[in-house]
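Letter by letter, the chains look like this.
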Amino acid sequence: MARLADYFVLVAFGPHPRGSGEGQGQILQRFPEKDWEDNPFPQGIELFCQPSGWQLCPERNPPTFFVAVLTDINSERHYCACLTFWEPVDPTQVSEVVCTEDATEREEDADEGGQAWLSPTAPANPGQLFAPKTLVLVSRLDHAEVFRNSLGLIYAIHVEGLNVCLENVIGNLLTCTVPLAGGSQRTISLGAGDRQVIQTPLVDSLPVSRCSVALLFRQLGITNVLSLFCAALTEHKVLFLSRSYQRLADACRGLLALLFPLRYSFTYVPILPAQLLEVLSTPTPFIIGVNAAFQAETQELLDVIVADLDGGTVTVPECVHIPSLPEPLQSQTHNVLSMVLDPELELADLAFPPPTTTASSLKMQDKELRAVFLRLFAQLLQGYRWCLHIVRIHPEPVIRFHKAAFLGQRGLVEDDFLMKVLEGMAFAGFVSERGVPYRPTDLFDELVAHEVARMRADENHPQRVLRHVQELAEQLYKNENPYPAVAMHKVQRPGEASHLRRTPRPFPRLDEGTIQWIVDQAAAKMQGAPPAVKAERKTTVPSGPPMTAILERCSGPHINSARRLEVVRNCISYVFEGKMLEAKKLLPAVLRALKGRAARRCLAQELHLHVQQNRAVLDHQQFDFVVRMMNCCLQDCTSLDEHGIAAALLPLVTAFCRKLSPGVTQFAYSCVQEHVVWSTPQFWEAMFYGDVQTHIRALYLEPSDDQVSPSQEVGEAQSQDDERSALDVASEQRRLWPTLSREKQQELVQKEESTVFSQAIHYANRMSYLLLPLDSSKSRLLRERAGLGDLESASNSLVTNSMAGSVAESYDTESGFEDAETCDVAGAVVRFINRFVDKVCTESGVTSDHLKGLHVMVPDIVQMHIETLEAVHRESKRLPPIQKPKLLRPRLLPGEECVLDGLRVYLLPDGREEGVGGSGGGPALLPAEGAVFLTTYRVIFTGMPTDPLVGEQVVVRSFPVATLTKEKRISVQTPVDQLLQDGLQLRSCTFQLLKMAFDEEVGSDSAELFRKQLHKLRYPPDIRGTFAFTLGTALTSGRPARAAKDKGPSLRALSRNLVKNAKKTIGRQYVTRKKYNPPGWEHRGQPSPEDQEDEISVSEELEPSTLTPSSALKPSDRMTMSSLVERACCRDYQRLGLGTLSSSLSRAKSEPFRISPVNRMYAICRSYPGLLIVPQSIQDNALQRVSRCYRQNRFPVVCWRSGRSKAVLLRSGGLHGKGVVGLFKAQNAPSPGQAQADSSSLEQEKYLQAVVSSMPRCADSSGRNTLSGFSSAHMGSHGKWSSVRASGRSSGLGADVGSRLAGRDLLSTPQTNGAPPDPGFLRPQRAALYIIGDKAQLKGVRPDPLQQWELVPIEVFEARQVKASFKKLLKACVPGCPTVESSPASFLRSLEESEWLIQIHKLLQISVLVVELLDSGSSVLVSLEDGWDITTQVVSLVQLLSDPFYRTLEGFRLLVEKEWLSFGHRFSHRGAHTPAGQSSGFTPVFLQFLDCVHQVHLQFPMEFEFSQFYLKFLGYHHASRRFRTFLLDSDYERIELGLLYEEKGERKGQLACRSLWEYADRLSKKTPVFYNYTYAPEDTEVLRPYSNVSNLKVWDYYTEETLAEGPPYDWELAQGPPEPPEEERPDGGALQSRRRVVWPCYDSRPRVQPDAISRLLEELQRLETELGRPPERWKDTWDRVKAVQRLEGRPDGRGTPSSLLVSTVPHHRRSLGVYLQEGPVGSTLSLSLDSDQSSGSTTSSSRQAARRSTSTLYSQFQTAESENRSYEGTLYKKGAFMKPWKARWFVLDKTKHQLRYYDHRVDTECKGVIDLAEVEAVAPGTPTMGAPKTVDEKAFFDVKTTRRVYNFCAQDVPSAQQWVDRIQSCLSDA
């Protein structure tokens, strides 16, 4: 029994002592006046009676009632029921208040006391004021209704003036006792004719909520209440606001009821008084209610969750994260709550809803909501009892919870919510309260033990869930209301509006004596009565099903299949049976399987079986295997070890050992220390408690169970299934405890304490085993381990610089420094162990003496272990090292030297799937074990796969040092031992990645040295330090290396240098004056022999020069000139007929351009070549002034001329915007308007005028072009940078070409695929010159007044965009680590994000535009950026597309030498070759150009003489620095270093090629690797490729790799040793099959499976060698075969078909790149027939139109035999300009009036057509260079057409005569 009320208090209004604006509460009387012994009087009641403050009021308010809750220092709650009523105030009291307040009041702002009722000073008549008075009942019991009735009764007696003695009533109230619990009911009366019934709940552990939970949901809604629930559980601060105190109290009560079975243990104040608001800024969590009037004060609280009950909102601050319930519990709970709160929701959509059901009452709904949360907790905490460790049973149970195991078994390790709940105070209380095995149980215990299975089964059946909820609700309701048919209360209430009646007197002063006497009487009676003992029915708490069972039912397919577990078991049995080879084969599979949890458990169980008597001695190999598998298991263990793997292995690491020498044994623990789990205190605690539990349990099992030895470890198989758990044993012991004698009790307590103590010693040993390192250098990785708490940084690593062996000596010797260091390791471990021992022993109740003993013991244990380790370490050093695979030495190039010998590394797989046997199939070549070598040229890895099943394949991965773009240190696990090692990730711009982990034998200093050397080689201080220079020779000619800073030598010195080089390289002292003959076609590819005289004329005519003081060229200059003339540029200018080296006016009329030597000393423009093509009319001295207008002085020069339209292509740098020149202009200019019109600008205009006038006049030069139809499909504005845009032309003469190019006025329909539109789109009137420039730069150019040139502004990307794009492309093609979704889509996405293809598209688009303009007869000046990046790309592409010569091997070389090398593309700067370029990074402008050529090559495979491999070869070597060709930034720099002219003179006698071209030539002679067999060019073909991104392909150069031999671009290295012929195989026996497996990504497929022609040529060479004949060059063989094929026709007209040798594709399809699939399916003709629309090669001249009309429309439908052939036969035909003579099959067709020619007699597709309508004359001809030698001169004849002269040669004179006659007769017939 307990007192119903402890104290009755009367509190009244009193003035504030400090005279502030409010009154304060005063306790008038309290009963009893003495404190109860068991319950002192709570302080501060007067604050809680009026939480908003004590104030006078101008009118009488109705009485109020609420219950406040106070918590005392012992966490006991006191319920203060407060009933407040108002009484008139005595005027004298008011005046007192007024007087004291007057002074302060006046000083304050008027608004302080503005409201009348707030302040007593406000009303005029003080007699009208009312003061509050409160009756308070203080109790430890929560019977709010009884309190309300009781206080109401006292108030009613007073107000109604009933004839009842108040003292008696209060006395009775204070002496009334009620039962505590157990569902009893008691009727009480206070002696005023009243009757009340008090019911106590059945189980007092279940909270009583009445309707509070239902009201809370009603006010806030489901989501809000759920977030408040999670906030309270995860220890956040929760604040309720409401205007009603009763509501606040109910909301707080409701929230607490939801938290059951957890108890809220932080600050809990349902009603907080205004004076205590600062409590809200407390740092601890709380649940507090505050009147809404004080909402403003709560605004600045940053970490408080505010629930506004009146407004129904919950506000969560930004900085607070409330973790939500784990799914699916969150959504399930939400659904069930909505079913309970809104049952009609389920029926809302029914067509025929049932008649409305009555909703459950509020009280019942309250219980249903609580039932939902009770179920939630049962699901959350299911199986929690299986994770309890019982550490002590007597004298009191000590219980610990194994949090990690619980989370691991539930699979919720990552779950934020559960993690926080388990770490919280509430859960700690839950464990200590509910973990006890023998106690009274309640509803929750039943639910969590027996209903879990039911809840799981009901999950998907809402109605069954609802039924369960209702069943639980019934039980909860019954607990609160055990007797439903309760007699009605009978209590006197005051009448209606009684508070408004004027009561004659205030509440009377009560007589203390009377009340005290009543209380004393009752106390005396109670003393005689026996003490009330709470009858408790204790039972063993049911544990429920073990968690694993629950988990297995819920987890779907297992992570580990039975097959994998079988592999693990087999491997272990092989190890212990000594079958090491078998075990080695299985090991990789085992290591892969051990990623799964089940396999790790299986490993631990299997190893347990091989331990006898706690010891298992293994041999060295077995030991290595076991340790390796253990390490693999432990590497995935988190510091929590939630799956118990480390726990299961802990006994094993001290059991497995090997004998190192007599008396020295090494245990496995010394090899598995490097895991984070060992340095986690929580892991050790959980392990310790688990072991203690096992031993305590063994202590109490019947003594007959001797077989359970105290050393029994966790994880050993239990001998009997039906053994009782430790909790069951503990429960039994607790039940028996009261019955035992005192001695027996003492004995048990002592036994338990010694058990714990012995375990503590055991664990101190174990911890020292795993924390003290065997060898400091090995354990360097411990530095990263977290967890040795707050130990010093040195001790945190558990490592020092001294070896672990020296630790033992250091204790004896006074060796100063070393002593300090090693002690530090020992000290750190000692401190770690001591902290652990302190914690666990204090918690487990070990006596202080024992604890002190332990502290003394720990340093000794550590010291002993250090001494043992010293011997072990010494002996382990003597072990023969494990046989590591022999290092494979890489093959080196001639002249390549090793800088660093092999460092042992593991090559790890990166993000590419190929090498690891992914979806592409093939073996898992990576990870591979081997070594990395650093040579002067490359970084090379060679090794073998670690997976023994792959076989003895050699894996090679390498890249040139010069191509390294990024080096990153990484920390990775080695694939074999699973140790954490340092590693390096090297990325190269040749699309290669080396991701390496250094072997443990490689010290960190070796790795650091490797990095430094690599860096030194990558960025040599001088370009002469690169491999191309150091190769095979010291620095040549003893020239001292100039300091890098000395950039500008004097001109005279340079001139001397030039002369010296000229002498040296040309090999003669004079210059001959012979006429220049371009070298013959056959000789063009080979450098002319040294003794041959150069036939180059240097004109000596006078020229006005701005540079040389004398008026004539000096002899030294002339030699320089002769050298310059030999350069590629000049050879090309001669071929194009672009002028001579003269400025005399005599030839000016005939030749519009001349070669000017104005830049021969590189004084005008350092980055231009020495000889430039300029208009004939411009003097050299004017060029200097023109150059000032352009960036880098790169003024416009001609670089190519169209043979047909005679239009020229010019290139220059961009115009100076507001650069330095602009500033100079502005200073001299009188006004800003004339700034542009200074001399330079005028010169520039004159220069452009000269270019225009030097072109052949157009038909209508005054008109202008209206390029109107160049469609938006071609230049669409949907690219990254909006397409070609409108220019800033200032004259308003209609839309200019820029806007039309952007597709502003579309006159023709756009073409698909980005092909140009119809040929007719260029109108006849056009500007003579188009200037294509950067939008931003063209603002300064004044428009041509005569409209002869037009500006085309476009937006281009900058070099930095190319760099950024390339970086992303690298990462897309060679990712550093596997992507999350390794699908083709993710590759394509990252490719798209790189925007590389968009840039390619833009370049092709601009180039095709320029080709169109040139083809239509307009000249084009490309003037972009500085003129050396994008300008070079565009100009080169234009020439490649327009001129077939550049599509030959020789022509392409010329193009690159001329446009890229001579015109100064900055290869060294863009390739970051030197430390200066290091910051700018690698910018692959040239590679981008090669990619564009590759795209064109794909679309027109028959137009290029070189193969795709040639492009890849150039792409690789332009960055590799193997050759000198692509070094330095301009000809000027090359001359400075003496590179430009040495390539001829210094070559003799040197093995290594220095020039890439020379190397390519040599290689081409040996092998057709650079040759394209499908080469069959059209004579005058202009290519117009599709440029849309959808038509572009990713270049396979970026993605392919060959692991067998490394990159195939160093040909000497790629040609591996030949395979032995089948019959000579060393293994002998039967002949083996010639079949072999070709692995993608390993073998080089072109080598293993060469194409048919290469195969035949190889076969031919082999046969010739066998026959003893000198093998013929492949090119000669190939040319002969082609010629024979053309000439040989069989009598029936059918020849041998050869798809490769003979061009059988019609002309229009070929120009589309043989993409026949572009046409409709089934029709191969569609493409050609509507070529106007769909063909990529649109033409704009009548000749091509004629060719289309004939070849397309006739030859499509007729075979060779059925055509009209008036006369046919073989003739040699001279190709177009600079082309050789070729034999063709000619057909004279009278019907069609044309002369057609074919490659071969049987061809149906003709190579070309001569329309006889255009023939003017047929005349005898003369043999020209390269004509057939054996034929008579009279066999030559010429056919002259309106377009050109065709040279023919028949086989003999008669047939020539016959051909001439036939053609003549055809002409006369016409």
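Our subject is the structure that appears above.
Think of each chain on its own: its residues are numbered from 1, step by step along the sequence as written. This being a predicted model, a pLDDT of at least 70 is required before a residue's local features are given, and a value of 80 or more before pairs of side-chain atoms are given or counted; all residues contribute to the totals for chains, interfaces and linings. With hydrogens and water excluded, all non-hydrogen atoms of the structure serve as input to the side-chain values.

1. Considering helix H19 (residues 580-593)
The test is simple: Only DSSP runs of H or I with at least four residues qualify as helices, and only runs of E with at least two residues qualify as strands; both kinds are numbered from the N terminus onward. How far a helix is expected to stretch is found by multiplying one less than its residue total by 1.5 Å. Bending is quantified residue by residue as the angle between axes fitted to the seven-residue window ending at that residue and the seven-residue window starting at it. Relative accessibility decides the category of a residue: with a 1.4 Å probe and only protein chains considered, values under 20% of the type maximum give buried, values over 50% give exposed, and everything between is partly exposed. Throughout, a contact is declared for two residues whenever any of their heavy atoms are within 4.5 Å.
Here H19 contains 14 residues, and its C-alpha end-to-end distance of 19 Å stays within 8% of the 20 Å for a straight helix at 1.5 Å per residue. When the local axis directions of H19 are compared, the greatest deviation, roughly 40°, occurs at leucine 587, which is followed within four positions by the proline proline 588. Within H19, burial applies to Met580, Ala583, Leu587, Pro588, Val590, Leu591 and Ala593. Contacts from the buried residues of H19 go to helix H18 (562-577), helix H20 (597-609) and helix H21 (620-635).

2. A word on the packing of aromatic side chains
Put simply, the test is: Working definition: rings of Phe, Tyr and Trp (its six-membered ring) pair if their centres are within 6.5 Å, and the pair is stacked with planes under 30 degrees apart, edge-to-face with planes over 60 apart, and tilted otherwise. Over a ring means this: the NZ of a Lys or the CZ of an Arg is within 6 Å of the ring centre and within 35 degrees of the ring normal.
Using the criterion set out here, one finds 73 aromatic pairs in the structure. Judged by centre distance (5.4 Å) and plane angle (25°), the rings of phenylalanine 427 and phenylalanine 430 are stacked. With phenylalanine 427 and phenylalanine 430 both in helix H12 (residues 425-434), this residue pair falls 3 residues apart, about one helical turn. Each of the two residues, phenylalanine 427 as well as phenylalanine 430, counts as buried. Seen from their ring centres, tyrosine 1767 and tryptophan 1859 are 4.7 Å apart, and the 70° between their planes marks the pair as edge-to-face. Placement of tyrosine 1767 in strand E36 (residues 1767-1774) and of tryptophan 1859 in helix H59 (residues 1853-1869) is noted, with a sequence separation of 92 residues between them. We note that tyrosine 1767, like tryptophan 1859, is buried. In this arrangement the basic side chain of arginine 1522 is found over the ring face of tyrosine 1559, its NZ or CZ atom lying 4.7 Å from the centre.

3. What to know about unusual backbone geometry
With an omega of -15°, the peptide bond running from phenylalanine 31 to proline 32 counts as cis. Tracing the chain through its elements places proline 32 in the loop between strand E3 (24-31) and helix H1 (45-49). Cis geometry is found at the peptide bond from histidine 394 to proline 395, where omega equals -5°. Looking at where proline 395 falls in the secondary structure, it is placed in the loop between strand E15 (388-392) and strand E16 (398-401). Phi is positive for arginine 210, which is not a glycine, with a value near 50°. Residue position: arginine 210 is located in the loop between strand E9 (196-199) and helix H5 (212-220). For arginine 210, a relative accessible area of 24% corresponds to the partly exposed category.

4. What to know about the pattern of salt bridges
Selection criterion: The working definition used for a salt bridge is a side-chain nitrogen of Lys or Arg within 4 Å of a carboxyl oxygen of Asp or Glu.
Enumeration over the complete set of coordinates arrives at 79 salt bridges. A salt bridge links glutamate 843 to arginine 400; the nearest nitrogen and oxygen atoms lie 2.9 Å apart. Placement of glutamate 843 in helix H28 (residues 817-844) and of arginine 400 in strand E16 is noted, with a sequence separation of 443 residues between them. By relative accessible area, arginine 400 is classed as partly exposed at 28%. The partner of aspartate 1561 in a salt bridge is arginine 1453, and the shortest N-O contact between them spans 3.6 Å. One end of the pair, aspartate 1561, is in helix H50 (residues 1556-1566); the other, arginine 1453, is in helix H43 (residues 1449-1462), with 108 residues separating them in the sequence. Classification of arginine 1453 by relative accessible area gives buried; the value is 17%. It is possible to trace a salt-bridge network through shared partners that takes in Asp1132, Arg1135, Arg1211, Asp1443, Lys1458 and Glu1459.

5. Looking at the pairing of strand E23 (residues 928-935)
The cut-off we apply is this: When DSSP finds at least two bridges between two strands, those strands are taken to pair.
In terms of residue burial, E23 counts as a mostly covered element, since 8 of its 8 residues are buried. Here 7 bridges tie strand E22 (residues 898-907) to E23, and the two strands are oriented antiparallel to one another. Within the sheet, the bridge partner assigned to leucine 907 lies in E23 and is alanine 928. In terms of strand pairing, E23 meets strand E24 (residues 938-945) through 7 bridges, oriented antiparallel. Bridged to alanine 931 within E24 is threonine 942.

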